[in-house]
Each structure stands twice: as C-alpha cells, then as structure tokens.
Amino acid sequence: MSSALTDLCRYPIVQAPMAGGTSCPQLVAAVSEAGGLGFLAAGYKTADGMYNEIKQLRGLTGRPFGVNLFMPQPALADPSAVEVYRHQLAGEAAWYETPLGDPDSGGDDNYDAKLAILLEDPVPAVSFTFGCPTRDTLDAFAGVGTYTVVTVTTPEEAQAAQWAGADAVCVQGVEAGGHQSTHRDDPQTDGAGIGLLSLVSQVRETVQIPIVATGGLMRGSQIAAVLAAGAEAAQLGTAFLVCPESGASLLHKQALSNPLFVRTALTRAFSGRPARGLVNRFMREHGPYAPAAYPQVHYLTAGLRKAAAKAGDAQGMALWAGQGHRMARELPAGRLVRLLAEELDAARTAVSTGSTQ
C-alpha cells in the first residue's frame, strides 16, 4: 500500500459508500475502528444532513473515514420518455396507494454546498461517483489535506481522473452492486461493463496513481486476487450490507439469502441509471421500458420504493446487491473486517508457500 493509503487504514479494506441510509455513521465507525476505511454516503442527502452525519461519526471514532459525493448530472433526459414511464408506473402507484414523485426534484444533489462544507471542515478522504471533478476542485481538496478518489469503470475514465489530479481511482467492475459509476450514461453501452480483474489490470497499465478495486468482493482471498492484479486496496459494499450496524432495511438484508431472489441484474427500472440488484417483480416488469433518465426516474419511483418497504413487499424495492451476495456473512462490521484481514493473510501465505515448494 502507498504511504497515503496506509495512513488512512491498517488493512487494505474499504467499506463502500452505499447511499439510501445503508452507510450510516455506526457502520462507518465500526469499520474504521477495526482498521478498515469506512465511507459515509452523502448521495441523496442535503448538505446539512451530510454535515450532521459527519458530526455524529466524529463522535463515534477518531479514526480516518471518507465521504462520498455524487457528481451533478447533465440534463440529457428526454422529458417525453420520462412521461411515458410515469404512465407505465400508474398501476404501481395505485397498488401501493402512493403518488409518483416529481422527476424534476433536482439533478445536482446539493453538490456545491457539500463541497463548501468539506473544504471548510475537511475530512480525511472524499470520493466521487458518476463523474470526475474539475482540477480546481481536486486541487482545493489537496490544499486542505483531503485524499481524493474518483470512481471509474473504464481505463479512459481512470486516465481522465489522473489528469484531473485525483489521488487514486476506485475501479468498479461490472459485478458491483448498486449503480455503475460511468462518467457518461450512454444506453448504447448497457451490458458492456468490464469484469473487475480484467479492468484492474487494464487500468494498472494506464495510470500511475493507486487503485482501489471494487465489484463482487466478499472474501479475503478475493481481496488478495485484486491486490495481485495491481490494486492497493479493495472496496466492499454488499459484504457489509448485512452487518447489524448497516442502515439497510431488514427486508433488504434478508433478501440477500432469500431463495426467491436467485440472481442479480443491471437495471434502469428504479433510477434511470444502470444499477445492479436482486431480480424481483418490479425489475422484471419495468426494467425493459425504463428510460435513460437519472436522477429523474429515481425521484419518480422514490415514493413507490418507500411504500413497498413499508408494506413489507421486497418485490417492489430496489434490492441493490453485487454478484457475490450469496456469500454475505451476518457479522458485526468490526469482526468482518478482522476476518477479511485474516483471510487475506492466509491467501497470501498459501501463495507464498506454494511458490517456494
């Protein structure tokens, strides 16, 4: 690990920022306290909401942590396509007895206000999703001592992040749960994502900055594999989703091992952007017709998803999960970090021992 990453965490284990309440202060603190690097998810929160969670987190741990921001999205959505999708969802609104949301609730996710707070009261690390910040922004964070990470899905995006001045890239394979962090949402590339090991190797040959690998990682042996491929740390999301400290709903946690949900798929059904989740009724019925319209579709379906959760109906929820979801272990977050570190050491020892025989 590079000295900068070593300063942030004892183990090369990063807890992914999972928006929607999953990556709450309690989970982040438990991971950081155990020697990993926990990340708060500021996406979908107000600037004040983010600040309050940071304040709460600082009361729980003195260890380094990170905050993840969503980049503002360009206004590319076709309003007529969003309106057609609204009509298609009318039956869902009637079934759950809740109105559809306003698709124009906002596309910048309070980005500028969040930047101002994080530059005024710096945190150890900040990562970015759905795009790359400007060089001025990354330089400003460097000026206050914040380590910056840009999430990428292609070697070209990684190169752009390096040129812009990012300290590291988080390389996201197609196996990852939740949203694919493409910098440009192009429907023509749906389903064309690159597997993590191949992507890490390609990015390693493209950039010189450190790589954090993420996508489907659930065991220490898999962490060893991505480190061998050129990453300096591994980021895990679904593995931490079922921890008791996680803010995910009980229905979501239970769904990861529920035999009703046997596979994951990428869908635009819930948000208008490709995201990997457990295949359920809503995804099957609406995924083929959902437009490329983020965050408009996210706001349109927000009430439906909340109503489904309140009704205890996992078939109407966005059950984000990576391809390794069946390997999830319901352990306290700190214990999981230590177990992953032990598995990583064992995998490295096995390789080392095997190479000398």
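Up top is the structure these notes are about.
**Q** An account of the overall build of the chain is requested, with residue identities and associated values reported.
**A** If you tally the helices and strands in the chain, you get 15 helices and 11 strands. Relative to the globule expectation of 21 Å for 357 residues, the C-alpha radius of gyration of the chain, 19 Å, shows essentially globular dimensions. Split into buried and exposed, the 357 residues of the chain put 56% on the buried side. Look at the contacts in the chain between residues 6 or more apart in sequence, and 69% of them connect residues 24 or more apart. Per element, the accessible surface of the chain, about 14,800 Å² overall, is 52% carbon and sulfur. For the chain, the separation between the mean place of its 26 positive charges and that of its 33 negative charges on side chains is 7 Å.

**Q** Summarise the nonpolar core; cite the residues concerned and give the values.
**A** Val-67, Leu-69, Phe-128 and Phe-240 are the most contacted members of the largest nonpolar core, which has 96 residues in total. The residues contacting Phe-240, other than those within four sequence positions of it, are Ile-13, Val-14, Gln-15, Met-18, Leu-27, Val-31, Ser-246, Ala-333, Leu-336, Val-337 and Leu-340. With 13 residues, the next largest nonpolar core counts Leu-5, Leu-37, Tyr-147 and Ala-233 among its residues.

**Q** Requested: an account of the side chain of Gln-15, with residues and values cited.
**A** Note on placement: Gln-15 falls in strand β1 (residues 13–15). The class for Gln-15 is buried, based on a relative accessible area of 0%.

**Q** Account for empty space enclosed by the protein, with residues named and values stated.
**A** For the structure on display, the rule yields two cavities of 30 Å³ or more. Within this model, the largest cavity holds a volume of roughly 70 Å³. For the largest cavity, the full set of lining residues is Leu-5, Val-14, Leu-37, Phe-39, Ser-127, Tyr-147, Val-149, Cys-170, Val-212 and Gln-235. Here the second largest cavity defines a volume of roughly 50 Å³. As for the second largest cavity, its lining consists of Tyr-44, Phe-70, Met-71, Gln-73, Gly-106, Gly-107, Asp-109, Phe-130, Tyr-294, Pro-295 and Tyr-299.

**Q** Describe in detail the pattern of salt bridges, supporting the description with residues and values.
**A** Per the stated rule, a full pass over the model turns up 11 salt bridges. Taking the shortest distance from any N to any O, the salt bridge between Asp-186 and Arg-184 comes out at 3.4 Å. The partner of Asp-190 in a salt bridge is Arg-268, and the shortest N-O contact between them spans 2.8 Å. Taken as a pair, Asp-190 in the loop between β7 (178–179) and α9 (196–204) and Arg-268 in the loop between β10 (264–267) and β11 (275–278) lie far apart in primary sequence, 78 residues in all. Overall, Asp-190 belongs to the partly exposed group, its relative accessible area being 39%. Because the salt bridges share partners, they merge into one network encompassing Glu-92, Arg-281 and Glu-285.

**Q** With reference to specific residues and values, describe the layout of surface pockets.
**A** Quantified by volume, the second largest pocket comes out at close to 390 Å³. Across the lining of the second largest pocket, the residue classes break down as five nonpolar, 10 polar and six charged.

Rules of the game
Residues numbered from 1 in each chain as written. Predicted model: local features only at pLDDT ≥ 70, side-chain atom pairs only at ≥ 80, totals over all residues. Heavy atoms only, no water. Helix = DSSP H or I, 4+ residues; strand = E, 2+ residues; numbered from the N terminus. Rg over C-alpha atoms; globule rule 2.2 N^0.38 Å. Buried < 20%, exposed > 50% of the residue type's maximum accessible area, 1.4 Å probe, protein only. Contact = heavy atoms within 4.5 Å. Areas by Shrake-Rupley, 256 points an atom, 1.4 Å probe, with all protein chains shown as cover. Lys, Arg positive; Asp, Glu negative; His and termini not counted. Charge placed at Lys NZ, Arg CZ, Asp CG, Glu CD. Core = buried A, V, L, I, M, F, W, Y, C linked by side-chain atoms within 4.5 Å. 1 Å grid on protein atoms, 1.4 Å probe; cavity = no way out; pocket = protein on both sides within 12 Å on 5 of 7 lines; lining within 4 Å. Points joined across faces, edges and corners; volume = space filled by probe spheres on them. Salt bridge = Lys/Arg side-chain N within 4 Å of Asp/Glu carboxyl O. Nonpolar A, V, L, I, M, F, W, Y, C, P; charged D, E, K, R; others polar.

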